[in-house]
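Breakdown of the fold
Listed here are the chains, written in short residue letters.
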There are 2 protein chains.
Amino acid sequence: MVTIADVARHAGVSSSTVSYVLSGKRAISEETRRRVRSSVQALGYHPNAGARALAAKRSHIIALMVPLRTDVYVPVMMEIAISVTTAARQHGFDVLLITSDEGPGGVRRIAASGLADGVVLMDVELDDERIPVLRAQGTQAALIGLADDARGLSCVDHDFAAAGALCADHLADLGHREIAFIGYGSGVYHRHAGYAERTLAGFRDRAGQRGLRFLHRTCEGTYESTAGTLARVLADRPGTTGFVVQNEGAIGPLLSLLRSGGRTVPEDASVVALCQDQLAEQFAPRLTAVTGSAQDLGRVAVDQIMRRLAAVHDGGRPADERVLLTPVLTVRDSTGPAPH
Amino acid sequence: MVTIADVARHAGVSSSTVSYVLSGKRAISEETRRRVRSSVQALGYHPNAGARALAAKRSHIIALMVPLRTDVYVPVMMEIAISVTTAARQHGFDVLLITSDEGPGGVRRIAASGLADGVVLMDVELDDERIPVLRAQGTQAALIGLADDARGLSCVDHDFAAAGALCADHLADLGHREIAFIGYGSGVYHRHAGYAERTLAGFRDRAGQRGLRFLHRTCEGTYESTAGTLARVLADRPGTTGFVVQNEGAIGPLLSLLRSGGRTVPEDASVVALCQDQLAEQFAPRLTAVTGSAQDLGRVAVDQIMRRLAAVHDGGRPADERVLLTPVLTVRDSTGPAPH
DNA sequence: TCGAAGTGTCGAAGCGCTTAAACAGATGTC
DNA sequence: GACATCTGTTTAAGCGCTTCGACACTTCGA
């Protein structure tokens, strides 16, 4: 194993000089810097992470707590996890993966052991019990999702209310008057998952403003469940011409069912999906969709933590940021003017 | 911050005694152990991870390198990542997430800095350039996937050849004679991805033994691509009655297309999917599928690393294990006797 | 010309833990 | 009763790094 002392000897300087060259925290002459750098290269030196963390009281690791529950579309979770990792690396940080089944105790463990300098929490509930722990430990954190009380931490999320409103506007602009909103399974609403409630609220408000009649129905995302939901919608409101789908699993079945029921998309019925563009492109017809970037979510969360850490490092009090990312509507082939 | 010295003072013992109580590496009297434990509780002590890693030369972290590429079904990757994390925690280890875009350099960085005690590599190519690095660094590793030369490391994977054979056997048993194998996009085969090639080879061999005629066609997993693939299959072999689908994205479109083409499943055509049970259950009809547990994959990989670390710790040479998990065929509603 | 200020490097303390070796006291052996 | 043995605990030496203060030397202003 190559240590900083080996590098120092090789370069003919003291080990503190090597440290300062590497951290840039003190002025070092051009000549010395060059010699040290080439010794580092020659010996293949990588600072020992434990020693560094111990001496500097910073691990250069952030923890990412991912939900075990999979009612949220899994590829999106993965995309967030990967973007958090990539963004963290750009700041010289690594990412520790922990699962939400560890609960508040997991957060305490990570923070108290100094394993991580900061924590990113996914799938945050409105009244999340991990938040008081974070505050008590003085751990820097960023939430992906909105909490009721986010004092002492930063958060970022999609603006789901705006996404819902975009759907309502688009269908209203096309002349649709009766809309069905196919949502997540009822469990998601009972849990008061923010993304589900806020989307629905945003849609509802805008639909009201635009004079739309609409129905909200839950749906589990299987073929059977979608068939049942669609049948009830058409029984209750035969005049429905617009569909908004938030549950990714229901999209394929819905398209199949509309087709086999004799309704052509977009001539007889328009469908707007709330899902990733990548997914929207896979169907026939390609779907008009409202999207927010999962990558941005991860990147912003990491940036927030980095700003908090920098503030603490400089002896200040970190600012509690609250960022909502604006969703985008991409018109494709699944929406068109309402039939007469 | 609570240190081991605080606990020692509180319990009226020396800090080494506290350390021995916690690690169990020396005999400690019942009485002392109780006092120390309750002091740990009372003060909320968590050992500092950096100090521990530095002194013990073990970080109690394993790194998990996940692919950025998403041609493999993402939820499966996520399931593996989560099962690795869960299994690691049961051994008192945490998981560091790194992305494969860091390449061999990432592996070197993690190993040389002592950040992780072991590495789990996903999406391994037959001739993977990270493997020599692992060997050179003497890092303990487990691969998920098979490499050409796995000396010095352990590996685990699904027995994809057996999975392919199961599909052929099932369709042959039902009397089908002409089968189409709908695979991944051509890029996957050009890359010589092990899972794709081995499944196909296993299917091909067994199909040969059972006297089946078959066609292998690549498919990108979009609706258009599946439509094109199916059209070509039916043009080349109008008598095809059995379908094996390995590309998750092609399943939904294939079912839709068969239905709209007037072929009822399973009366006119049988479909066997190579995918997770959860996914197979979502379609109508529910799909007969060949599955391997992604959870087991992660768990076994972690167990392999733990055994390797234990062997090194005991001064021995770790055994290079090679485990293939047996796939399971679950018959559901998408396969039936071949039509006359 | 002298002291002050600035620049570049080093020495050494210390971060919180593990662990080998030393030690104290109880127990057993002849 | 002298000695070895065992059990339970302490002492102290690091692990490899960061960082504070000291120091040597140069440059600058008065």
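Definitions and cut-offs
Residues numbered from 1 in each chain as written. Chains lettered and ligands numbered in written order. Predicted model: local features only at pLDDT ≥ 70, side-chain atom pairs only at ≥ 80, totals over all residues. Heavy atoms only, no water. Helix = DSSP H or I, 4+ residues; strand = E, 2+ residues; numbered from the N terminus. Rg over C-alpha atoms; globule rule 2.2 N^0.38 Å. Contact = heavy atoms within 4.5 Å. Areas by Shrake-Rupley, 256 points an atom, 1.4 Å probe, with all protein chains shown as cover. Lys, Arg positive; Asp, Glu negative; His and termini not counted. Charge placed at Lys NZ, Arg CZ, Asp CG, Glu CD. Salt bridge = Lys/Arg side-chain N within 4 Å of Asp/Glu carboxyl O. Buried < 20%, exposed > 50% of the residue type's maximum accessible area, 1.4 Å probe, protein only. Axes fitted to C-alpha atoms, helices over the stretch in contact; angles between N-to-C directions. Parallel < 35°, antiparallel > 145°, perpendicular 65-115°, else oblique. Left-handed = near helix turned anticlockwise from the far one by under 90°. Nonpolar A, V, L, I, M, F, W, Y, C, P; charged D, E, K, R; others polar. UniProt positions renumbered as here; feature names shortened; annotations may be inferred. Phe/Tyr/Trp six-rings, centres within 6.5 Å; stacked < 30°, edge-to-face > 60°. Pairing = 2+ DSSP bridges. Near = heavy atom within 4 Å. Polar contact = N/O pair within 3.5 Å; in protein donor to acceptor, adjacent residues only side chain to side chain. Disulfide = S-S within 2.5 Å.

Let's talk about the overall build of chain A
Helix and strand counts for chain A come out as 14 helices and twelve strands. In summary, chain A has a C-alpha radius of gyration of 25 Å against a globular reference of 20 Å for 340 residues, an excess of more than 25%. For chain A, the C-alpha atoms occupy an extent of roughly 85 × 40 × 35 Å along the three principal directions. Counting only contacts in chain A whose residues sit at least 6 apart along the sequence, the fraction spanning at least 24 positions is 72%. Element-wise, carbon and sulfur atoms account for 51% of the exposed surface of chain A, whose accessible area totals about 14,200 Å². The average position of the 36 basic charges and that of the 37 acidic charges among the side chains of chain A differ by 6 Å.

Topic: the pattern of salt bridges
Here the structure, examined in full by the defined rule, presents 50 salt bridges over all chains. Put simply, Arg33 of chain B and Glu30 of chain B hold a salt bridge, and the shortest N to O gap is 3.6 Å. With Arg33 of chain B and Glu30 of chain B both in helix H3 (residues 30–43) and three residues apart, this pair spans about one turn of that helix. Of the charged contacts, one joins Arg210 of chain B and Asp173 of chain B as a salt bridge, the two residues approaching to 2.8 Å between their closest N and O atoms. Here Arg210 of chain B is found in the loop between helix H10 (194–209) and strand S7 (213–217), whereas its partner Asp173 of chain B is found in helix H8 (residues 160–173), with 37 residues between them in sequence. The class of Asp173 of chain B is exposed, set by a relative accessible area of 57%. Overlapping salt bridges bring together Asp277, Glu281, Arg286, Arg332 and Asp333 of chain A as one network.

So, the packing of helix H5 (residues 74–90) of chain A against helix H5 (residues 74–90) of chain B
Running from N to C, H5 of chain A and H5 of chain B cross one another at 60°; their axes reach a closest spacing of 8 Å. Viewed along their axes, H5 of chain A and H5 of chain B adopt a mutual orientation that is oblique. Considering how the two elements wind past one another, H5 of chain A and H5 of chain B form a crossing that is left-handed. Along the contact surface, H5 of chain A presents Val74, Pro75, Met77 and Met78 of chain A, while H5 of chain B presents Val74, Pro75, Met77 and Met78 of chain B. Here the contact of H5 of chain A with H5 of chain B is built from residues that sort into eight nonpolar, no polar and no charged.

Structural notes on the side chain of Ser225 of chain A
Considering the arrangement of structural elements, one finds Ser225 of chain A in helix H11 (residues 223–236). In this structure Ser225 of chain A touches Cys219 and Glu220 of chain A, once residues within four positions along its chain are discounted.

Focus on the UniProt feature "domain: HTH lacI-type" (unreviewed entry) in chain A
Here, the residues flagged by UniProt with the feature "domain: HTH lacI-type" (unreviewed entry) are residues 2–56 of chain A. Helix and strand shares over residues 2–56 of chain A are 71% and 0% respectively, and the end C-alpha atoms of the span are 19 Å apart.

With respect to the packing of aromatic side chains
Residues and elements named next belong to chain A. Counted under the stated rule, the structure contains eight aromatic pairs over all chains. Taking 5.2 Å as the distance between ring centres and 55° as the angle between the ring planes, the aromatic pair formed by Phe181 and Phe203 counts as tilted. Of this pair, Phe181 sits in strand S6 (residues 178–182) while Phe203 sits in helix H10 (residues 194–209), placing them 22 residues apart in sequence. Residue Phe203 is classed as buried on the basis of its relative accessible area, which comes to 0%. Between Phe203 and Phe214, the aromatic rings sit 5.0 Å apart at their centres with planes inclined by 90°, giving edge-to-face as the arrangement. With Phe203 in helix H10 and Phe214 in strand S7 (residues 213–217), this residue pair connects regions lying eleven residues apart in the sequence. Phe214 sits in the partly exposed class, given a relative accessible area of 21%. Among the aromatic residues, ring-to-ring pairing joins Phe160, Tyr184 and Tyr195 into one connected group.

Focus: the sheet that holds strand S11 (residues 322–325) of chain B
Sheets are built from strands that pair by backbone hydrogen bonding, the pairs being arranged parallel or antiparallel. Strand order across the open sheet formed by twelve strands is S11(A)-S5(A)-S4(A)-S3(A)-S1(A)-S2(A)-S2(B)-S1(B)-S3(B)-S4(B)-S5(B)-S11(B), with mixed pairing between neighbours. The outermost strands of the open sheet, each flanked by one partner alone, are strand S11 (322–325) of chain A together with S11 of chain B. Going across the sheet, the axis of each strand differs from the next one's by a mean of 20°, ignoring polarity. In this structure, strand S3 (residues 118–121) of chain B lies alongside strand S4 (residues 140–144) of chain B, joined through four bridges in parallel fashion. Opposite Leu121 of chain B, over in S4 of chain B, you have Leu143 of chain B as the bridge partner. Packed onto the sheet, H5 of chain B meets strand S1 (61–66) and strand S2 (94–99) of chain A together with strand S1 (61–66), strand S2 (94–99) and S4 of chain B and runs at close to 80° relative to S2 of chain A.

Looking at the protein's contact with DNA strand C
By nearness alone, 29 residues border DNA strand C, and Thr17 and Thr32 of chain A together with Ile4, Arg26 and Tyr45 of chain B come closest of all. One nitrogen or oxygen atom from the side chain of Lys25 of chain B is found 3.1 Å from a phosphate oxygen belonging to DNA strand C. The side chain of Arg26 of chain B places a nitrogen or oxygen atom 2.5 Å from a base nitrogen of DNA strand C. Secondary structure elements with two or more residues in the surface near DNA strand C: helix H2 (15–23) and helix H4 (49–56) of chain A together with helix H2 (15–23) and helix H4 (49–56) of chain B. Here the surface near DNA strand C takes five residues from H4 of chain B, the largest share from any one element.

Details of the protein's contact with DNA strand D
Around DNA strand D, 28 residues are found, and the nearest of them are Ile4, Arg26 and Tyr45 of chain A together with Thr17 and Thr32 of chain B. Atoms of DNA strand D within 4 Å of the protein belong to the sugar or the phosphate in 57% of instances, the rest to bases. Take Ser16 of chain B: an N or O atom from its side chain is 3.2 Å from a base oxygen of DNA strand D. Within the side chain of Thr32 of chain B, a nitrogen or oxygen atom sits 2.3 Å from a phosphate oxygen of DNA strand D. Elements supplying a minimum of two residues to the surface near DNA strand D: H2 and H4 of chain A together with H2 and H4 of chain B. Sorting elements by how many residues they give to the surface near DNA strand D places H4 of chain A first, with four residues. Counted by class, the surface near DNA strand D contains 14 nonpolar, nine polar and five charged residues.

Looking at the state of the cysteines
Residue and element names in this part refer to chain A. Enumeration according to the criterion identifies zero disulfides over all chains in this entry. Summary of cysteine pairing: Cys219 is not part of a disulfide, and the nearest cysteine sulfur, belonging to Cys275, is at 14 Å. You can call Cys219 buried: its relative accessible area is 1%. Here Cys275 stays unpaired: no disulfide links it, and the sulfur of Cys167, its closest cysteine neighbor, is 10 Å away. For Cys275, a relative accessible area of 5% translates into the label buried.

Looking at the environment of Arg135 of chain B
All names here are of chain B. Mapped onto the elements, Arg135 comes out in helix H7 (residues 130–137). Along the primary structure Arg135 and Arg332 are separated by 197 residues, whereas in three dimensions their C-alpha atoms are 45 Å apart. In this structure, Arg135 is in contact with Asp149, Ala150 and Arg151, ignoring residues within four places of it in sequence.

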